[in-house]
Amino acid sequence: MTDRVVQTSKRSKQAARIADAASGGIRMILLKIVLLGIVDAIAVYALFVLALSDEWLIASLVAVVTLVVNWIYFSKRKLPAKYLTPGVLFLIVFQIFVIGYTGYIGFTNYSTGHNSDKAQAIDALMSSARERVPDSPTYKVTIVENLEGLGMLVTAPDGEVSVGSSEHPLSSVRNATMDGDKAVAVDGYTSLSFQDVLQRQGDIVGLEVPFSDDPNDGSLRTPDGSSAYVYTSSLVYDEQAGTMTDASSGTVYSDTGTGAFTSSDGEELLPGWRITVGFDNFARAFTEDSIREPLINVTIWTIVFALLSVASTFFLGLFLAIVFNDKRMKGRKFYRIAMILPYAFPAFLSALVWAGMLSESFGFVNQVLLGGASIPWLTDPFLAKVSILFVNLWLGFPYMFLVATGALQSIPDDVVEAATVDGAKPWQVFRLIKMPLLLVTMAPILISSFAFNFNNFNLIYMLTGGGPRDAAASVNVGATDILISMVYKVAFTGQLRDYGLASAFTIIIFILVATISIVSFRQTKALEELN
Amino acid sequence: MKVKTRSIITAGALAATVGLALVGCSSDNGDGGDGANNSTTALTVWVDAERVDALKDVAAAYKDKTGIEVKLVSKDTAKIKDDFLQQVPTGKGPDITMGAHDWLGELVTNGVVSPIELADKEGDFLEVAYAASTYEGKQYMLPYAVENIALLRNADLVPEAVGTFDEMIAAGTAAGVTPFVVQQGPESDPYHLYPFQTSFGAPVFSSDENGYDVSDLQIGNAGGIEYANWLAAQGAAGTINTEVTGDIAKEQFTTGQAAFWLTGPWNVGAALDAGINVAVDPIVTPGAEAAQPFAGVKGFFLSEQSKNKVAANDFLVNYLATEDVQTALFESGNVLPALASAADAASNDPIVGGFRLVGMDAVPMPASPAMGAVWQFWGIAEAAILNGADPAATWEKLAADVQGALDK
């Protein structure tokens, strides 16, 4: 027995090899080489670019991926890998990485004020703490250099010329060469041209020349290499202790692990930096007032909205599919095309158009269809929900109609015939034969449609913006807000972005949708076994 | 074996995509340019798509003058701010980006912009432009254009300018059309109603020479209550209607069905194209004080992580702040230049001049992130009042809610 298995597998392998070689031919091999050559050329170019910009991690990834791809496609076997590789790569780049990154952000404090790393936060704090001494003049500057390093040749507005460097405070010089009213050169120093200055921008922007021996007088800095101003700093950074000190009040701000320099009484200096905060965002999602208060209502409405949307579109789509599937119906093709139209328009555009049509005193519905009635379609909490469901029905039924038509047509006629011969009435045929068969194909679509509507941000945002809001409530959540639009409002109100909180919420929503979907899929399986 | 060919092609396409995507992730780096390694310095400037052409000549002229190349990158206006916020910390953002002054709070709080020093040129700019480009007493933006709303009048319907709000309604009614439209929505539009609010002496925050004091909320003062009462009366009379969205207001005015339209320069083109005889008037005041609309100021920001700060500062302060360049930018966008001398020249045009006259009273829109707390309650309260809620109680609740959100 085992011998035979081995033999067969050997033989089949052999056969596969022969088939491979026979089918390939010289043209195939050439094509293969050309295509892989293109891939490799792009990869090599990518490697150059990446190496030049010091992106070693990504560069090594590109190199490894390229090698693996070459190995797979030049190998004579690895047939499954040849089919799987492209899909797996796409999966990694566009799915796993994105989901993983979102998950990671959910555990950080990434938000307005916590946008970068600590070193950059210190840079930014120091540069915004620098204050120009009030009423101090503009000094004309020539950047000069000697063996000790860079310095400034400074001409004060009153014509006095002095020179200094970061170690030596300004001191007067007499014998400077003048160009108009600006000193451009002095003995003992080489003057830098504008081009030279551009080559050393980093050094020059960082160059600080003390104004006098007293550090409280501040120091000269030049932002553009030709004029300098006297600055003092309101913050002092102590690199050893890692603390910031407010020069005027003496308050010490230290890194207390909250992602920002914090004083002893809890005051934070912003910008701070990004840190991981564990489950803080998840805790906030359930404890913050502006979220907790409306959470239950919004969750209920989200589920109701998603369920009703799926149910209404499914039944309308199915009904129309059955009607248009009847052979006695004339001009079915024409009707079917007309039926698809709402599906062909971009959904967010349709939602905007509907928002205009449902406007209370200017909308087409009230003005023309209802002869000037003033029904608050979008501004009454209940009617707004009805409008949302109606518009979603309009948007969604063509899809269900399409799928149901396909599913109906795939039901063999003989099954129906057999039932009829057995004496089943049309309703019985539909209920007992067609419906169960339909559900087998349509159940996964209903589930995915539920998941889609659960996060149908476009529709809500474009049609009502989540409104109408209850002016009496103190939270920024409206009657038609679903979870995802509420998250958007909470995490991105005005200029305060909270990516961490938003990511945490997406994880929570994912868990909700996944649970509901898994339970439904179990049910579907039971359905399949039934048949 | 067709399938196999296909799979190879797919693999090729895939590897190409992955490769390009990965390169794309990093290729911006080259633009930043490490001054020490390159013989010529290049500045990368993000520009919103509409302004690229205007800046092309400016960039070329700057290169002729200094040898510094300015690489313009056209960006989608809606994405510039977020991209800038995300890319600067990675060190791969641009040296300079175009933007609007109300981003300042967010940009500064995130530490992605560097202060710039205008020094003696401060006075060369329109006062509101200079004020708008500072945040907490420090200047971060080089302004190039100022926008504010003003009252458009259909001069064929109402030939003479009017003084007060009630006169405006009377004049419009006498002309036999809808007297006045202003962009609103289900949640009102506090931006467009702000001049009316300030005419009752109720700004959002108090302000001094350092800008707004966001810890001193003024919205709920006595003037605010007075304004709320006035707003309730307008809602009852139907002169300000939350049903009038921007599109409806535009349609009413451009088809001659409305006599006055409170809107910004961005809508003037549409009215002129529709053949309306447009006059730009000062905003009528329902209250005792000046009507102060919000000014929106456009400008350029310097990245905190730029490696070319000397060149960038030179480009901003010594070049973009000159009359020729500001005029060139004006000609492409027809928005009032921020530099006073260029603004004077541009004001010869009656439309631009009209907006400038109104802009004399304009105040910069507060750039603080704290404004988010204000916006989320402001419009909903105004909409409620317009639609018949008790004005004083609603307004007091607004002030309390905003204060609560600010204290959080």
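Rules and cut-offs
- Residues numbered from 1 in each chain as written.
- Chains lettered and ligands numbered in written order.
- Predicted model: local features only at pLDDT ≥ 70, side-chain atom pairs only at ≥ 80, totals over all residues.
- Heavy atoms only, no water.
- Helix = DSSP H or I, 4+ residues; strand = E, 2+ residues; numbered from the N terminus.
- Rg over C-alpha atoms; globule rule 2.2 N^0.38 Å.
- Buried < 20%, exposed > 50% of the residue type's maximum accessible area, 1.4 Å probe, protein only.
- Areas by Shrake-Rupley, 256 points an atom, 1.4 Å probe, with all protein chains shown as cover.
- Lys, Arg positive; Asp, Glu negative; His and termini not counted.
- Charge placed at Lys NZ, Arg CZ, Asp CG, Glu CD.
- UniProt positions renumbered as here; feature names shortened; annotations may be inferred.
- Axes fitted to C-alpha atoms, helices over the stretch in contact; angles between N-to-C directions.
- Parallel < 35°, antiparallel > 145°, perpendicular 65-115°, else oblique.
- Left-handed = near helix turned anticlockwise from the far one by under 90°.
- Contact = heavy atoms within 4.5 Å.
- Core = buried A, V, L, I, M, F, W, Y, C linked by side-chain atoms within 4.5 Å.
- Buried area = accessible area lost by both parts, 1.4 Å probe.
- Salt bridge = Lys/Arg side-chain N within 4 Å of Asp/Glu carboxyl O.
- Polar contact = N/O pair within 3.5 Å; in protein donor to acceptor, adjacent residues only side chain to side chain.
- Domains from an automatic or database assignment.
- Nonpolar A, V, L, I, M, F, W, Y, C, P; charged D, E, K, R; others polar.
- Patch = residues over 30% accessible without salt bridge, like charges linked within 9 Å, V, L, I, M, F, W, Y side chains within 5 Å.
- Pairing = 2+ DSSP bridges.
- Right-handed = clockwise from strand over helix to strand, strands pointing away.

**Looking at the overall build of chain A**
Each helix and strand counted, chain A has 17 helices and 16 strands in total. For 531 residues, the compact-globule formula gives about 24 Å, and the C-alpha radius of gyration of chain A, at 36 Å, lies well above that figure. Counting only C-alpha atoms, chain A reaches 120 × 80 × 45 Å along its principal axes. The buried share of chain A, taken over its 531 residues, is 40%. Accessible surface, chain A: about 29000 Å² in total, of which carbon and sulfur atoms supply 65%. For chain A, the separation between the mean place of its 37 positive charges and that of its 47 negative charges on side chains is 26 Å.

**With respect to the UniProt feature "transmembrane region" (unreviewed entry) in chain A**
Residues and elements named next belong to chain A. Residues annotated in UniProt with the feature "transmembrane region" (unreviewed entry) correspond here to residues 29-50, 56-74, 86-107, 300-325, 337-357, 382-402, 435-454 and 499-521. In residues 300-325, the share of helix is 100% and the share of strand is 0%. The end C-alpha atoms are 37 Å apart. Measuring from the first to the last C-alpha atom of residues 337-357 gives 24 Å, for a span that is 90% helix and 0% strand.

**Quick notes on the packing of helix α13 (residues 413-421) of chain A against helix α14 (residues 426-454) of chain A**
When two helices pack together, their arrangement is captured by the angle between the axes and the distance separating the axes. All names here are of chain A. Contact geometry of α13 with α14 gives a least axis separation of 11 Å together with a crossing angle of 140°. By the angle class used here, α13 and α14 are oblique. Between α13 and α14 the crossing geometry is right-handed. On α14, the residues that touch V415, V416 and A419 of α13 are V429, I433 and K434.

**Topic: the nonpolar core**
Grouped together as the largest cluster of nonpolar side chains are 67 residues, with contacts concentrated most on F300, F315, L316 and L320 of chain B. With seven residues, the single largest contributor to this core is helix α11 (residues 309-320) of chain B. Here L316 of chain B is in contact with I96, I116, L142, F300, L302 and A321 of chain B, once residues within four sequence places are set aside. The next biggest cluster of nonpolar side chains, apart from the first, holds 64 residues, and it includes F314, M435, I482 and L483 of chain A.

**Comments concerning the interface of chain A and chain B**
Taken together, the contact between chain A and chain B spans 76 residues of the former and 78 residues of the latter. Counting the surface lost from both chain A and chain B, the interface buries some 6300 Å², and carbon and sulfur atoms represent 60% of this. The interface formed by chain A and chain B includes four salt bridges. Here E55 of chain A makes a salt bridge to K92 of chain B, at a shortest N to O gap of 2.5 Å. Applying the counting rule to chain A against chain B returns 21 residue pairs in polar contact (both at pLDDT 80 or more). Only α1 (2-52), α2 (56-74), α3 (79-105), α4 (118-129), β1 (130-132), α5 (194-199), α6 (201-206) and β11 (227-233) of chain A provide two or more residues apiece to the side of chain A that touches chain B. A per-element tally of the side of chain A that touches chain B places α1 of chain A first, with twelve residues.

**Observations regarding the domain arrangement of chain A**
Residue and element names in this part refer to chain A. In terms of domains, chain A is made up of domain 1 (12-106), domain 2 (119-273) and domain 3 (287-529). On a C-alpha basis, the centroid separation for the pair domain 1 and domain 3 is 40 Å. Taken together, the four residues of domain 1 in the interface contact six residues of domain 3. Here domain 1 meets domain 3 over a buried area of about 310 Å², counting both sides, of which 72% is carbon and sulfur. When the buried area of domain 1 at its contact with domain 3 is split by residue, T102, I105 and G106 rank highest and sum to 87% of it. Taken together, the links from domain 1 to domain 3 amount to zero salt bridges. Grouping the amino acids of the side of domain 1 that touches domain 3 by side-chain chemistry returns one nonpolar, three polar and no charged.

**As for a nonpolar patch on the surface**
Residue and element names in this part refer to chain A. Among the surface-exposed residues, L79, Y83, L84, V88, L91, I92 and I96 lie close enough to one another that they form a single nonpolar patch of about 650 Å² accessible area. Along the chain, I92 falls in helix α3. Using a relative accessible area of 42% as the deciding quantity, one classes I92 as partly exposed.

**Concerning the pattern of salt bridges**
Scanning the model with the defined rule gives 19 salt bridges over all chains in all. Close ionic contact of K118 of chain A with D255 of chain A constitutes a salt bridge, the shortest N to O distance being 2.9 Å. Residue K118 of chain A is located in helix α4, and its partner D255 of chain A is located in strand β14 (residues 252-255); the two are separated by 137 residues in the primary sequence. You can call D255 of chain A partly exposed: its relative accessible area is 34%. Two residues, E117 of chain B and R132 of chain A, come together in a salt bridge whose shortest N-O distance is 3.1 Å. One end of the pair, E117 of chain B, is in the loop between α4 (104-109) and α5 (127-132); the other, R132 of chain A, is in strand β1, on a second chain. Among the residues examined, R132 of chain A registers a relative accessible area of 22% and is labelled partly exposed. What you see here is one network of salt bridges that share partners, running through R497 of chain A together with K81, D82 and E106 of chain B.

**Overview of the pairing of strand β1 (residues 42-48) of chain B**
Residue and element names in this part refer to chain B. Burial analysis of β1 places seven of its seven residues in the buried class, which makes it a mostly covered element. Going residue by residue along β1, you find A42, T44, W46 and D48 tucked away on one face and L43, V45 and V47 tucked away on the opposite face as well. Bridging between β1 and strand β2 (residues 69-75) involves seven bridges; their strand directions are parallel. Considered in β2, the bridge of V45 is made with L72. Traced from β1 through helix α2 (residues 52-66) to β2, the parallel crossover comes out right-handed. Two strands pair when backbone bridges link them, and β1 and strand β3 (residues 96-100) are joined in this way by two bridges, in the parallel orientation. Opposite W46, over in β3, you have T97 as the bridge partner.

**Some words on the sheet that holds strand β15 (residues 261-262) of chain A**
Residues and elements named next belong to chain A. Read from one edge of the open sheet, five strands run β12-β13-β14-β15-β16, paired in antiparallel fashion. The sheet is open, and its two borders are formed by β12 (235-238) and β16 (268-269), each paired with just one other strand. Of the strand pairs in this sheet, β12 and strand β13 (residues 243-246) are connected by four bridges, and their pairing is antiparallel. By the bridge assignment, V236 is partnered in β13 with T245.

**As for the packing of helix α7 (residues 280-287) of chain A against helix α8 (residues 289-325) of chain A**
Residues and elements named next belong to chain A. One can describe the packing of α7 onto α8 by two numbers: an axis separation of 6 Å at closest approach and a directional angle of 60°. Taken as axis vectors, α7 and α8 run oblique relative to one another. Residue-level inspection shows R284, A285, F286 and T287 of α7 in contact with α8, the latter providing D289, I291, R292 and L295. Counted by class, the contact of α7 with α8 contains four nonpolar, one polar and three charged residues.

**So, the domain arrangement of chain B**
All names here are of chain B. Along its sequence, chain B is organised into domain 1 (43-147 + 295-364) and domain 2 (149-293 + 367-407). Summarising the inter-unit geometry, the C-alpha centres of domain 1 and domain 2 are found 28 Å apart. Where domain 1 abuts domain 2, roughly 1600 Å² becomes buried across the two surfaces, and 70% of that area is made up of carbon and sulfur atoms. Linking domain 1 with domain 2 are zero salt bridges, by the criterion used here. The tally of links between domain 1 and domain 2 comes to three residue pairs in polar contact (both at pLDDT 80 or more). Residue assignment for the side of domain 1 that touches domain 2 shows that the elements contributing at least two residues are α4, α14 (350-359) and β15 (363-364). Tallied by class, the residues present in the side of domain 1 that touches domain 2 amount to nine nonpolar, five polar and five charged.

**As for the sheet that holds strand β11 (residues 258-263) of chain B**
Residue and element names in this part refer to chain B. In space, the four strands of this open sheet follow the order β8-β11-β7-β12, with mixed pairing throughout. Looking along the sheet, the strands with just one partner apiece sit at the ends: β8 (178-182) and β12 (278-281). If you compare each strand with its neighbour and ignore which way they point, the axes differ by 25° on average. Note that strand β7 (residues 150-154) and β12 share four bridges and pair antiparallel. Bridged to N154 within β12 is V278. The sheet strands contacting helix α6 (residues 165-174) are β7, β8 and β11, and the helix crosses β8 at an angle near 125°.

**Quick look at unusual backbone geometry**
Following L270 of chain A, the chain continues to P271 of chain A via a peptide bond in cis, the omega torsion being 5°. Tracing the sequence through the fold places P271 of chain A in the loop between β16 and α7. One non-glycine residue with positive phi stands out, namely D135 of chain A, at about 60°. In this structure, D135 of chain A sits in the loop between β1 and β2 (139-146). Judged by relative accessible area, which is 80%, D135 of chain A ranks as exposed. The phi dihedral of E136 of chain B is positive, around 50°, even though this residue is not glycine. For E136 of chain B, the location among the structural elements is in the loop between β4 (134-135) and β5 (138-139).

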